[in-house]
Amino acid sequence: MNIVVLVKQVPDTGAERTLSRADHLLDREDADLVLDEINERAAEEALSLKETADAHIVVVSMGPESALEAIRKVLAMGADRGIHICDDRLRGADVLTTAKVLAAAVRTVENVDLVLAGDATTDGRASAVPAVVADLLALPQVTQVRKLDVDAGRVRAERETENGEATLDAPLPALVSVTEKINEPRYPSFKGIMAAKRKPVDTVDLDDLFPGADDAEFLVTRTRVLEAVPRPARSAGIRITDDGSAGRQLAAYLIAQKLV
């Protein structure tokens, strides 16, 4: 079985994050960058499948030079090789452009049986890239998965949404995006970290993936932020001292705010 895992390096959600003054996008230059948590769980699911079947795992990431660190982490966890899409022309790429480039990278892997991804990255939360990649590759997509089984050329998954639960079934090859409930990722061992340094990583750019293509196709920005302002400071609330009239004061406040 050949498995491709799509991962992304993102700013650490536990650290301070700021917007760039130039384009109002997330400032990644001064941010603490880490492998996206949900993508890490997708990688763990691939590794779990590898433990029960003869599988080869390719990890794919699009990003600047620093994104290589995210690829190396998944290689240290146990993946076999990496593909790093690195091209300055892709800075600020939107969902559609990102999906087109990732799909092109997946096509370079022979005989792909399963593509795994997180259902959303913590920096963008668009929750659309896996679905667009699946459409571009003409693969059945199984999204928001919390439990996955692969057997006899099919995937069977438990899916959970705000509207309820469902069990889905699809033939391979397929694309599956997972939620944070799917598993708990393993920590890379020292042996795995050392081995990852020797595992192959192919670095490619737009010219490699789209020979002869017009740059304009990838330089179109379909969305842009026109203005961003700091979050206003929180003002002090209203404290009500209960002297027997607290209930009436609270009701009056809720009515004034049109909450009741």
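These numbers were taken from a predicted model, which means no experiment stands behind them.

Further remarks concern a nonpolar patch on the surface. Taken together, Ile238, Ile240, Leu250 and Tyr253 make up a surface patch of nonpolar side chains, about 380 Å² in accessible area. Considering the arrangement of structural elements, one finds Leu250 in helix 8 (residues 246-256). For Leu250, a relative accessible area of 44% puts it in the partly exposed group.

Moving on: the nonpolar core. Among soluble globular proteins, nonpolar side chains are generally buried collectively. Judged by nonpolar contacts, the single largest core of 34 residues is most densely connected at Ile3, Val5, Leu116, Val145, Leu148 and Val176. Taken together, the elements giving at least two residues each to this core come down to strand 1 (2-7), helix 1 (37-52), strand 4 (56-62), helix 2 (67-77), strand 6 (114-118), strand 7 (141-151), strand 8 (154-161) and strand 10 (174-178). Contacts of Val145, omitting those with residues within four sequence positions, involve Ala157, Glu158, Val176, Ser177, Val178, Thr179 and Ile182. Ranked by size, the runner-up nonpolar core spans 28 residues in total, among them Val4, Val109, Val115 and Val133.

The subject of this paragraph is the side chain of Ser245. Tracing the chain through its elements places Ser245 in the loop between helix 7 (216-219) and helix 8. Taking relative accessible area as the criterion, Ser245 reaches 15% and is therefore assigned buried. Here Asp243 takes part through its side chain, which lies 2.6 Å from a polar atom of the side chain of Ser245.

Evaluation of the coordinates by the stated rule reveals 14 salt bridges. Close ionic contact of Asp207 with Arg89 constitutes a salt bridge, the shortest N to O distance being 3.4 Å. Highlighted residues: Asp207 in helix 6 (residues 206-209) and Arg89 in the loop between strand 5 (81-85) and helix 3 (95-107), separated in sequence by 118 residues. With relative accessibility at 44%, the residue Asp207 sits in the partly exposed group. For Arg146, the salt bridge identified is with Glu165, shortest N-O distance 3.2 Å. Taken together, the residues span a long stretch of sequence, with Arg146 in strand 7 and Glu165 in strand 9 (residues 164-171) at a distance of 19 residues.

With that settled, consider the confidence of the model for the chain. In this model, the chain carries a mean pLDDT of 89, and residues with pLDDT of at least 70 account for 98%. Of all the helices and strands in the chain, helix 7 carries the lowest mean pLDDT, 68, while strand 5 carries the highest, 97.

Cis geometry marks the peptide bond from Leu172 to Pro173; its omega dihedral reads 0 degrees. With respect to the helices and strands, the residue Pro173 is situated in the loop between strand 9 and strand 10. In this model, Asn111 sits at a positive phi of 50 degrees, which is unusual for a non-glycine residue. With respect to the element layout, Asn111 can be found in the loop between helix 3 and strand 6. The exposure class of Asn111 is exposed, given its relative accessible area of 61%.

With that settled, consider the packing of helix 1 against helix 2. Running from amino to carboxyl end, helix 1 crosses helix 2 at an angle of 30 degrees, the nearest separation of the two axes being 10 Å. When the axis of helix 1 is compared with that of helix 2, the two are roughly parallel. Of the two possible hands of crossing, helix 1 and helix 2 adopt the one that is right-handed. In this structure, helix 1 contributes Glu40, Ala43, Glu44 and Leu47 to the contact, and helix 2 contributes Lys73, Val74 and Met77. Here the contact of helix 1 with helix 2 is built from residues that sort into four nonpolar, no polar and three charged.

This paragraph deals with the sheet that holds strand 11 (residues 201-204). Here nine strands make up an open sheet; going across it, the order is 9-8-7-10-6-1-4-5-11 and the pairing mixed. Of all the strands in the sheet, the pair left with one neighbour each is strand 9 and strand 11. Averaged over all adjacent pairs, the angle separating strand axes in this sheet is 30 degrees, with direction ignored. Pairing of strand 4 with strand 5, which is carried by five bridges, proceeds in the parallel orientation. In the sheet register, Val60 faces strand 5, and the bridge partner there is Ile83. Set on the sheet, helix 2 makes contact with strand 1, strand 4, strand 5 and strand 11; between it and strand 5 the angle comes to about 165 degrees.

This paragraph deals with the packing of helix 3 against helix 4 (residues 129-136). Interhelical geometry of helix 3 versus helix 4 gives an angle of 50 degrees and a closest axis separation of 9 Å. One element, helix 3, and the other, helix 4, form an angle in the oblique class. Along this stretch, helix 3 crosses helix 4, giving a crossing that reads as right-handed. For the pair helix 3 and helix 4, contact is made by Val95, Leu96, Thr98, Ala99, Lys100, Leu102, Ala103 and Arg107 and by Val129, Val132, Val133 and Leu136, respectively. For the contact of helix 3 with helix 4, the per-class residue count stands at nine nonpolar, one polar and two charged.

Cut-offs applied
- Residues numbered from 1 in each chain as written.
- Predicted model: local features only at pLDDT ≥ 70, side-chain atom pairs only at ≥ 80, totals over all residues.
- Heavy atoms only, no water.
- Patch = residues over 30% accessible without salt bridge, like charges linked within 9 Å, V, L, I, M, F, W, Y side chains within 5 Å.
- Areas by Shrake-Rupley, 256 points an atom, 1.4 Å probe, with all protein chains shown as cover.
- Salt bridge = Lys/Arg side-chain N within 4 Å of Asp/Glu carboxyl O.
- Helix = DSSP H or I, 4+ residues; strand = E, 2+ residues; numbered from the N terminus.
- Buried < 20%, exposed > 50% of the residue type's maximum accessible area, 1.4 Å probe, protein only.
- Core = buried A, V, L, I, M, F, W, Y, C linked by side-chain atoms within 4.5 Å.
- Contact = heavy atoms within 4.5 Å.
- Polar contact = N/O pair within 3.5 Å; in protein donor to acceptor, adjacent residues only side chain to side chain.
- pLDDT = per-residue confidence, 0-100.
- Axes fitted to C-alpha atoms, helices over the stretch in contact; angles between N-to-C directions.
- Parallel < 35°, antiparallel > 145°, perpendicular 65-115°, else oblique.
- Left-handed = near helix turned anticlockwise from the far one by under 90°.
- Nonpolar A, V, L, I, M, F, W, Y, C, P; charged D, E, K, R; others polar.
- Pairing = 2+ DSSP bridges.

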